[in-house]
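Breakdown of the fold
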Amino acid sequence: MSTTMPLPTPRRSRSWRPRPEPPKFWAKARRPPGAKWRKDRASAVREHDSYEGETIKQAAANMTAFPLDIIRDSATILNNLTYYEPRVDKDGPNMTWPMYTGAAARAGNAEKAFYFFAKATEPYKKGPFAILALRPYLNTTFFGTSAGGILQSVILGFGGLHFTAEGLVQSNPLLPAGWKEITVKAIGAAQNFEVRPD
């Protein structure tokens, strides 16, 4: 198998609070890659069963680390990022790099996370208002998915926030060099979170 696996079923609840998934489900869904997920030649999780290193739009293998939180092993996350970065279509849509940012942050690598954050913003900012274009060569298209991905990479990636059955929790936030702090206010159940230099 590859990154193809069952994902959590939508939670059904009359209130805004999610119901926790059965522990048996999470034990299966969150198991680290191993015998069931073949690894390819570079010790990275294989994109799909027939993947042989061709150019891709984005790597679903990296999204299993962020935002899905299925792969949590830092070495595997960093191997995936290193392996797939040169295989991403250089003119592809800007939804890949915010996810790579978050994955690198989840792996605890602030330098690599900020590197991907710059890739997610600088080539795509266009015009006097620095709108985020869909592709680096387009000048007029605002791409909301990119903006949402960048917000996720800051709040959930650098901010270390995780959605859990117990609510929103902060775990292992990190601050890129040169950033003073990250403050997220009134998120989740009106919670506030901060990330400050050590």
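First, a word on scope: everything that follows refers to the structure included in this document. (Residues numbered from 1 in each chain as written. Predicted model: local features only at pLDDT ≥ 70, side-chain atom pairs only at ≥ 80, totals over all residues. Heavy atoms only, no water.)

**As for the packing of helix α4 (residues 96-106) against helix α6 (residues 144-158)**
For the pair α4 and α6, interaxial distance at closest approach is 8 Å and the crossing angle is 5 degrees. Between α4 and α6, the angle falls in the class roughly parallel. In this structure, α4 contributes Pro98, Met99, Thr101, Gly102, Ala105 and Arg106 to the contact, and α6 contributes Ser146, Gly149, Ile150, Gln152, Ser153, Leu156, Gly157 and Phe158. Of the residues contributing to the contact of α4 with α6, the split by class is six nonpolar, seven polar and one charged. (Axes fitted to C-alpha atoms, helices over the stretch in contact; angles between N-to-C directions. Helix = DSSP H or I, 4+ residues; strand = E, 2+ residues; numbered from the N terminus. Parallel < 35°, antiparallel > 145°, perpendicular 65-115°, else oblique. Contact = heavy atoms within 4.5 Å. Nonpolar A, V, L, I, M, F, W, Y, C, P; charged D, E, K, R; others polar.)

**So, helix α5 (residues 110-121)**
In this model, α5 (twelve residues) spans 16 Å end to end at C-alpha, consistent with the 16 Å of a helix rising 1.5 Å per residue. The backbone nitrogen of Glu111 lies 3.4 Å from a side-chain oxygen of the residue at the head of α5, namely Asn109. (Expected span 1.5 Å × (residues − 1). Polar contact = N/O pair within 3.5 Å; in protein donor to acceptor, adjacent residues only side chain to side chain.)

**Thoughts on the layout of surface pockets**
Over the atoms rolls a probe the size of a water molecule, and in doing so it shows where empty space is left. Space inside the second largest pocket adds up to approximately 190 Å³. What lines the second largest pocket is simply Ala65, Asp69, Ile71, Arg72, Ile77, Ala105, Arg106, Gly160, His162, Ser171 and Asn172. (1 Å grid on protein atoms, 1.4 Å probe; cavity = no way out; pocket = protein on both sides within 12 Å on 5 of 7 lines; lining within 4 Å. Points joined across faces, edges and corners; volume = space filled by probe spheres on them.)

**Considerations on the pattern of salt bridges**
Inspection of the entire model under this criterion finds seven salt bridges. We note a salt bridge from Asp69 to Arg106, for which the minimum N-O separation is 2.7 Å. Placement of the pair is Asp69 in the loop between α2 (60-63) and α3 (74-84) and Arg106 in helix α4, with a sequence separation of 37 residues. For Arg196, the salt bridge is made with Glu194, and the minimal N-O distance between the two is 2.8 Å. Bridged by salt links that share partners, the residues Glu181, Glu194 and Arg196 form one connected network. (Salt bridge = Lys/Arg side-chain N within 4 Å of Asp/Glu carboxyl O.)

**Some words on the nonpolar core**
Core analysis: the largest hydrophobic core is formed by 39 residues, its most contacted members being Ile77, Leu81, Tyr84, Trp97, Tyr100, Phe158 and Ile182. Counting only elements with at least two residues in this core, the list comes to α3, α4, α5, α6, β5 (182-187) and β6 (191-195). It is α4 that contributes the most residues to this core, six residues altogether. Look past the residues within four positions of Ile182 in its chain and what remains in contact with it is Val154, Phe158, Gly159, Leu174, Leu175, Phe193, Glu194 and Val195. (Core = buried A, V, L, I, M, F, W, Y, C linked by side-chain atoms within 4.5 Å. Buried < 20%, exposed > 50% of the residue type's maximum accessible area, 1.4 Å probe, protein only.)

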